[in-house]
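Here's the letter readout for the chains.
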There are 2 protein chains.
Amino acid sequence: MFTHAKRVLIGRPMRSDAAGHQLLSKRVALPVFASDALSSVAYAPDEILLTLALAGSLAALQSFWVGVAVSAVLAVVVLSYRQTVHAYPSGGGDYEVVTTNLGPTWGLLVASALLVDYVLTVAVSVSSGAHYLTTAVPWLDGHEVVIAVTLVAVLTVLNLRGTKEAGLAFAIPTYVYMLSIALMVVVGFVKMATGTLGAAPTAQYDLVPEATHAEGLVGLGGAFLLMRAFSSGCAALTGVEAISNGVPVFRRPKSRNAATTLGLLGSIAAAMMLSILVLARASGVKVVENPATQLVLNGKSVGDIDMDPAIGQIAKAVFGDGSVLFYLVTVVTGLILVLAANTAFNGFPTLASVLSHDSFLPRQLHERGDRLSYSNGILALAVAAGVLIVAFDAEVTRLIQLYVVGVFVSFTLSQLGMIRHWNRRLRTPQSGDERSAALRSRAVNVVGFMATALVLGVVLVTKFSHGAWITLLLMALVFVVQKLIRSHYDATAVQLRVEDWSAKRALPTRVRALVLVSGLSKPAMRAVATARAASPSSLELVSVVRDSSEEERIRTAWEASGLPLPLTLVSSPYRDVTGVVTQYVRDLRRSNPGEMLVVYVPEFLVRHWWENGLHNGTAAALRRSLVRIPGVVLTFVPWMLGEDDVVEGRQLVNDPFRPALQAPPRVKEDESR
Amino acid sequence: MFTHAKRVLIGRPMRSDAAGHQLLSKRVALPVFASDALSSVAYAPDEILLTLALAGSLAALQSFWVGVAVSAVLAVVVLSYRQTVHAYPSGGGDYEVVTTNLGPTWGLLVASALLVDYVLTVAVSVSSGAHYLTTAVPWLDGHEVVIAVTLVAVLTVLNLRGTKEAGLAFAIPTYVYMLSIALMVVVGFVKMATGTLGAAPTAQYDLVPEATHAEGLVGLGGAFLLMRAFSSGCAALTGVEAISNGVPVFRRPKSRNAATTLGLLGSIAAAMMLSILVLARASGVKVVENPATQLVLNGKSVGDIDMDPAIGQIAKAVFGDGSVLFYLVTVVTGLILVLAANTAFNGFPTLASVLSHDSFLPRQLHERGDRLSYSNGILALAVAAGVLIVAFDAEVTRLIQLYVVGVFVSFTLSQLGMIRHWNRRLRTPQSGDERSAALRSRAVNVVGFMATALVLGVVLVTKFSHGAWITLLLMALVFVVQKLIRSHYDATAVQLRVEDWSAKRALPTRVRALVLVSGLSKPAMRAVATARAASPSSLELVSVVRDSSEEERIRTAWEASGLPLPLTLVSSPYRDVTGVVTQYVRDLRRSNPGEMLVVYVPEFLVRHWWENGLHNGTAAALRRSLVRIPGVVLTFVPWMLGEDDVVEGRQLVNDPFRPALQAPPRVKEDESR
C-alpha cells in the first residue's frame, strides 16, 4: 500500500550511477539561479512602502531612495561574490570559504545561519506566492495558509522525484516573468512620460501616520523607520549567494561564466526594483499592514479592505484591471515565487548533506533517496517551513522580520573569510600583476565586508524586537545541536576503530549457550539442534515455569526427549516470563564476565498476520527485551507453521536437520589467502 | 512511566500461589450473586409499563398480570436450576451441562450466547445506573453516555486490581438496597391501605395510545404488545444462572446451600417486582419512551420532559420528593445496578478463560494478570460494553431489545441438557428411591425446558425486528470465530508435537554462516569472532556496497584485517541495503535447501534513546525483514557504545574475546544422564 502510493508520487527508484551533472550555459543558468534573487522584487518593494507608510504620505515618497540604498548594497555584494566565484570554483559556497579561512566553528555558524535562512526563504516565498494567487483569484482570499502548505507539499513531491530536467522548466517562466515585468515597466514609463498612466486602486486613499510618527520622517524615530524600511528591502539580496554554490554546473570557463551571470543578475534585480518603486510612486500605490486604521478616504476610514501587492496594483494601473496582461503579470509573479522556494529545496538538502558528511548532522541526511535526491533533507525542510507558515499565518510581513538575518551573517563572515584568503595569498611570493590583482580583490572584499557588516547591524537593531530574535535563537539552537552531534560521532568513530587486528581476530575463550524453551515442541527441538551444532563450551535448556503443573510437563518432555543436556527451571511466581528471563540472563552475564553468552530463542512464525493474535508473542517480547543487554548474543531459530506439511513418512526435501549423530565438520577457514 | 501508572491504578503484582478461594456462607453468598437478578427490578417494571403505554391508559393497568407471568417463569427457572446445582456442583454452569450432555458444538453455542449476554448485562445495567444517577443529581442530565463509560472504566480498574475482598463490599449495599425497597413497599402498602399514598410526578398526565393501538389491547396487535411487554419483563430472569456457576465457593453442603440461596433469590426478586408494579399502578406512575407525543395534560402535549424511572417515581410518591429516603432509594438502586454489571465482570473473564483453555478463544484470555485476575478478558468485556453503550447512546430501552435472547438460549439448551442427563441416569440400574427422584427431577426440567423454549420463542418473535437480530448476528459471529480459532489451534498442536525424538535430536548436516558487515569496525569484528566460535561448515563475510568508493574501503579493511574468511560483495545500485540483503539471503536459502543458514548481524547499541536518531538503524531494519524468512537462523551480536571505555592498554575485565588462536573446546555434552 505505502510502497504503491510512494511509487505513484515519487516514481521508480534510480540507479546510483545515473547521478551526474548536466552542465548549464549562461542562458539556462541565469533563470535557474535567478528566481530567488529576482522574485524578491515581488515583496521587497511592498515591505519598503509598508514600513514607510507608518510615517504618512510624505515619508512614502522616500521609497525610491531606500531602493537606491538597497541597490548600492546589492552592487557591493555582487562585486564581492564575483571574487568568491573565482577563488572557490568548487561550489562549496560560504560554508567552504568561512571554514577554510576562519576555521570550522565559524563555518558551522555560517551553516546554521544558512539552514535557518533556507527555511525562511521557503516560508516567505511560498506565502507571498499564495498572496499573489489570491490577487488573481479573489475567491481564494482567506485560505493563504492552506494554499501555502499545499504549495510546499507539491514542491516536496517534485523534489523527491528529482529535478534533473528542471532546467527548461525553470527557464521559461523566469524569462516570461522578466519579459512581462520589463513590458510593464516600459509601457508604464511611456504612459508616465505621456501623462496617460492610470491610477492604482489605492491611489484615492490618504495615509494616516502612526501616532509616534505623526511628524513624518524626523528625528531618531524617523531615522529608525527609514533603516527598518532599508532592512526589509534588503530581502532583495537573498539568492545572490546561490550562484557561488553553483559554479560547478556552469559550462567552461566556469568561473568567468558564473561571474558574468552574477553581474547580470544583480543589474536586473536592481533595475526591476527601482523601476517598480518609481511606478508605484507615479501611480499612487499604497501598501499598509492595517487598512482599517491606516487608510482614509475623504477623512473616513475605508474599513478592512483587501490589498493587492504593489506589482499587482501597478499592473492594474498600467494594463487595466481584468486585462490579460494584468493576469499574466500576477500569475507569473506567483509562479516565480514558488520557483524561488524551489531553490531552497535545492540548497538546503545539499548543504545538509555536506554538513552530514562533516558529521554535524545525522548521517541519514547524506543518503540519497530512491530518485537520487537527498530525500531526508527535502522532508526536513518541508516540515520546518510548514511549521513556520502555520505559526505565522502565512503573513509575509511578519515572516520578513525573521528573514535576511541569516543571509547577512553569512555574507559578512564570508567577506571576512575572503579578506583572510587574500591576506594569505599576499604573504606568498608572486609576480607584480598577480599581487596587484590580489590587492584589488582584497579591497573589494573589504568594502563588501564593511557594507554587509553595517547592514547586518542595521538589520539586527531594527528587526530584533520584531522577530529577528527568533532567528538568532533558532541559529543558536541549530549550531549547538550540530556541535553535539559532531561530538557524538567523533566519540563513536574513535571507539569503533580497530587498532590491533590480531587482538580483534581473537576468538572467545569460552562460550556458554542457553536455549529458552517453553515446551519441547518442534520449534524448540530445532533451536536445540542449532545450538548443539554451534558446539558451545556449555549448553543448557532454560524454561520458565509458573506453577507445578508446568514444571511437571516440561520435566516429563525433557526425560522423553533423551536430550543429553541439563535442564534449568526458572520459577516465575508472578507469571511474567520476559522479566524473569531477562533477569536470569543479566545475572548469568554478570557472574561469568569472561564467557561469551549466547541465548537461543525458538521463533514461531505464522502465515497470516492475524494468527499472531492467537499466540503469546513471547519470542517478540524477548527480542525487544534481550536485545538491549550488552554482551549477550541473541539467536532466533525460526519455525514456520505449516512447513512440516508433508506426507507422513516422507522427509521434507529442504529440511537441513537430517539425522546426523555428530556435530557437523569444523569450519574450514580459507587459509589459502 | 506506563509501568508506574499501572502500579498506581492496579497495584503491585501478586504471586500465583496467592490464588485460592474464600468460601462463602449463605448470608454473604446471597448478596454476591443476587445483585444481577435483583437489580433487574430497577428496569424490568419500567420496560413493562413503557411497552403497555403504547396502547393507552387501560392497557397499562395490565402490567401486574404481565409481572405475574414473568414471576411464574422465574419460579420454573429457579426450580430447574436447583436441579442443575445438585447435578453439576463443579461450577461449570450451562456451558458444562450442555457440552457434557449435548456435545461441544451446542456447548459452544451456549458459550457464545452467554458471552454476548454478559456484554449486554454490563451495557444495560450501567446505562440504567447512569439514568438513576441523573435522577438523583439532575444537573448531570444529558451526560448519560459519559457517566456510563466512566462507570465501565472504574469497574475495569477495580476488577483488574482483583476483587478478593469484595464479599463484604457487595453484601452491604445489596442488603441496604433490599431493605430500602422493602421499606418503600411496606410504607407504600400501608399508605395505600389508609388511602394516604401520594401521587407520582407523572400521575397527572394522560396517555395517548399509538395510532396502531388506538383501541387498546385488542386483537393480534394487542396480544403481540402484551407478549413484547412480557419479553422485556423477562430481563428480571437474568442472573439466576450465576449461582449455578458459583457452587464451588459456597460452604458445605455446597449444593444444598446454593439451592437454598437460589430459592431465596427467586422469591425476593418476584416479590419485589410484583410489589413495585402494584405501587406503580396505585400511585399512577407513567413511563413512556417519548413524552412529547405520548403524554398530555388536559389535552395538551407536555413537551419533552425528563422522566424518572418507576422506582424513583414511587419513592417520590411514598416518601415525598427531596426526602432523605427518596435519595437513599435512588442512589442505592443506581449502586446495585453497577454491582450487577460487576457480576458480568466476574462471569465473562471466567467463561472466556474456560473457552480459552478449550482452545476456542485466544490463549491470552487464559493467562492471569499481575493481580491474578483474567486481565485480558476484563479488558475485552470493557471495550465491547463501551462500544455498545456509545453506539446505543446509553438508552436502556433500546439496549433491552438486544438483551435476554442470549440468556434464554442458554436456559433452553441447559434444560434440554439436563433432560438428557436424567435419561442417561435412568438407563443405569439403581434403587427405587433414586429412580423416582430422577424421574421427579426430569419432570421439573421438562417443564423448565418447555417454559424457557416458549419464552425464547416469544422473545425472538417480539423483539427480532427491534434489535434481537443484532444479538443473533453477534452470537453467530462469536460462534464462527471460536470455531475458526479452535481449528487453528488444533492444526498448530498437531504440527508442533514431536513424534520421533531421535529424528528431532538430529543435528544439521551442514551449517553455512554469513556475517553481514558494513565495515570492519569493532562491532563487526565481534560478530566475526562469534561466528567463527560456532564452527560453521562454511563462513563468509557479506557486505553491501553502493558505489566503488565503498567497495574500495571495505576491501582495504578486509585485507588489513588478515581474517581467514572470504568476502562477498553484494552491489546495491539502488542504495537499498535491507532489500538487497533479504534477497541475497532468500536466494542462498533456496539454492541450498539442505544446509542450515545462520546470519550474523552486528548490532550497535547506544546509551540514550535519542542517539538512535544519529545512526542508520540498519540492524533494526534487517531484524524486521530477515526474521520473517523461514529456515534462516538470525544471530545478533551486540556492541554497546562506550563499553570499550578503558584505560589504554588495559584489557577490559569483562571482555570474553581474549586472545585465543583456536576455536573454543567442543561442547561437553552431559552424557552422565
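Preceding this section is the structure that the text describes.
The following refers to the structure shown. Please read these numbers as outputs of a predicted model, since none were measured by experiment.

**A look at the packing of aromatic side chains**
Residue and element names in this part refer to chain A.
Part 1 of the reasoning: In total, this model carries eleven aromatic pairs over all chains according to the counting rule given.
Part 2 of the reasoning: Centre to centre, the rings of Tyr81 and Phe411 are 5.6 Å apart; their planes meet at 65 degrees, and the pair counts as edge-to-face. With Tyr81 in helix α5 (residues 63-87) and Phe411 in helix α18 (residues 405-427), the pair connects residues that are 330 residues apart, well separated along the chain. Of the two residues examined, Tyr81 and Phe411, each falls in the buried class.
Part 3 of the reasoning: Arg486 extends its terminal NZ or CZ atom over the ring of Phe360, reaching a point 5.1 Å from the ring centre.

**A few points about the side chain of Glu595 of chain B**
All names here are of chain B.
Part 1 of the reasoning: Here Glu595 lies in the loop between α24 (577-591) and β7 (596-605).
Part 2 of the reasoning: Classification of Glu595 by relative accessible area gives buried; the value is 10%.
Part 3 of the reasoning: In terms of polar contacts, Glu595 uses its side chain to reach the side chain of Arg510, at 2.8 Å.

**Digging into the pairing of strand β8 (residues 632-640) of chain A**
Part 1 of the reasoning: Burial runs high along β8 of chain A: nine of the nine residues are buried.
Part 2 of the reasoning: Burial along β8 of chain A is two-sided: Val632, Leu634, Phe636, Pro638 and Met640 of chain A facing one way and Val633, Thr635, Val637 and Trp639 of chain A facing the other are all buried.
Part 3 of the reasoning: In this sheet, strand β8 (residues 632-640) of chain B lies alongside β8 of chain A in antiparallel orientation, the contact comprising three bridges. Directly across from Thr635 of chain A, in β8 of chain B, lies its bridge partner Thr635 of chain B.

**Structural notes on the relation of the copies chain A and chain B**
Part 1 of the reasoning: In the superposition of chain A on chain B (RMSD 0.2 Å, axial shift 0.1 Å), the rotation amounts to 180 degrees. The transformation just described matches what one would write down for a two-fold rotation axis.
Part 2 of the reasoning: An overlap of 100% is found between the interface residues of chain A and their copies at the interface of chain B, pointing to a shared contact surface.

**A short note on the sheet that holds strand β2 (residues 295-297) of chain B**
Residues and elements named next belong to chain B.
Part 1 of the reasoning: Read from one edge of the open sheet, three strands run β1-β2-β3, paired in antiparallel fashion. Only two strands of the sheet have a single partner each, and these edge strands are β1 (206-207) and β3 (300-301).
Part 2 of the reasoning: As judged from the two bridges shared by β1 and β2, these two strands associate in the antiparallel manner. In the sheet register, Asp206 faces β2, and the bridge partner there is Val296.

**Considering the interface of chain A and chain B**
It is common to report an interface's size as the accessible area lost on association of the parts.
Part 1 of the reasoning: Opposite the 110 residues of chain A that make contact, chain B presents 110 residues.
Part 2 of the reasoning: Approximately 10,000 Å² of surface area, both sides summed, lies buried where chain A meets chain B, with 56% of it carried by carbon and sulfur atoms.
Part 3 of the reasoning: One can count zero salt bridges joining chain A with chain B.
Part 4 of the reasoning: Applying the counting criterion to the chain A and chain B interface returns nine residue pairs in polar contact (both at pLDDT 80 or more).
Part 5 of the reasoning: Of all the elements in the fold, those that place two or more residues in the side of chain A that touches chain B are α20 (468-496), α21 (501-504), α22 (522-533), α23 (548-561), β7 (596-605) and β8 of chain A.
Part 6 of the reasoning: Here the side of chain A that touches chain B takes nine residues from β8 of chain A, the largest share from any one element.
Part 7 of the reasoning: Broken down by class, the residue content of the side of chain A that touches chain B amounts to 55 nonpolar, 23 polar and 32 charged.

**Considering helix α15 (residues 324-357) of chain B**
Residue and element names in this part refer to chain B.
Part 1 of the reasoning: Over its 34 residues, α15 extends 50 Å from the first C-alpha to the last, a length consistent with the 50 Å expected when each residue adds 1.5 Å.
Part 2 of the reasoning: Among the 34 residues that make up α15, 24 are buried, leaving the element largely enclosed by the rest of the structure.
Part 3 of the reasoning: In the stretch just after α15, Ser359 is the one whose phi turns positive, near 65 degrees.

**Let's talk about the environment of Val447 of chain B**
Part 1 of the reasoning: Following the sequence through the fold, Val447 of chain B ends up in helix α19 (residues 432-463).
Part 2 of the reasoning: Separated by 371 residues in sequence, Val447 of chain B and Val76 of chain B place their C-alpha atoms 7.4 Å apart.

**A few points about helix α22 (residues 522-533) of chain B**
Residues and elements named next belong to chain B.
Part 1 of the reasoning: Along its twelve residues, α22 runs 16 Å from first to last C-alpha, staying within 8% of the 16 Å computed at 1.5 Å per residue.
Part 2 of the reasoning: With twelve of twelve residues buried, α22 is to be regarded as a mostly interior element.
Part 3 of the reasoning: Inspection of α22 places Lys522, Pro523, Ala524, Met525, Arg526, Ala527, Val528, Ala529, Thr530, Ala531, Arg532 and Ala533 among the buried residues, and these make up the whole buried set.
Part 4 of the reasoning: Phi for Ser535, located one or two positions after α22, is positive at around 45 degrees.

**Notes on the environment of Arg371 of chain B**
Part 1 of the reasoning: As for its placement among the helices and strands, Arg371 of chain B is situated in the loop between α15 and α16 (375-391).
Part 2 of the reasoning: For the pair Arg371 of chain B and Val119 of chain B, spaced 252 residues apart in sequence, the C-alpha to C-alpha distance is 22 Å.
Part 3 of the reasoning: Setting aside its immediate chain neighbours within four residues, Arg371 of chain B contacts Arg575 of chain A together with Ile10, Gly11, Arg12, Met14, Leu160, Arg161 and Gly162 of chain B.

The rules behind the values
Residues numbered from 1 in each chain as written. Chains lettered and ligands numbered in written order. Predicted model: local features only at pLDDT ≥ 70, side-chain atom pairs only at ≥ 80, totals over all residues. Heavy atoms only, no water. Phe/Tyr/Trp six-rings, centres within 6.5 Å; stacked < 30°, edge-to-face > 60°. Helix = DSSP H or I, 4+ residues; strand = E, 2+ residues; numbered from the N terminus. Buried < 20%, exposed > 50% of the residue type's maximum accessible area, 1.4 Å probe, protein only. Lys NZ or Arg CZ within 6 Å of the ring centre and 35° of its normal. Polar contact = N/O pair within 3.5 Å; in protein donor to acceptor, adjacent residues only side chain to side chain. Pairing = 2+ DSSP bridges. Least-squares fit on C-alpha atoms with pLDDT ≥ 70 in both. Contact = heavy atoms within 4.5 Å. Buried area = accessible area lost by both parts, 1.4 Å probe. Salt bridge = Lys/Arg side-chain N within 4 Å of Asp/Glu carboxyl O. Nonpolar A, V, L, I, M, F, W, Y, C, P; charged D, E, K, R; others polar. Expected span 1.5 Å × (residues − 1).

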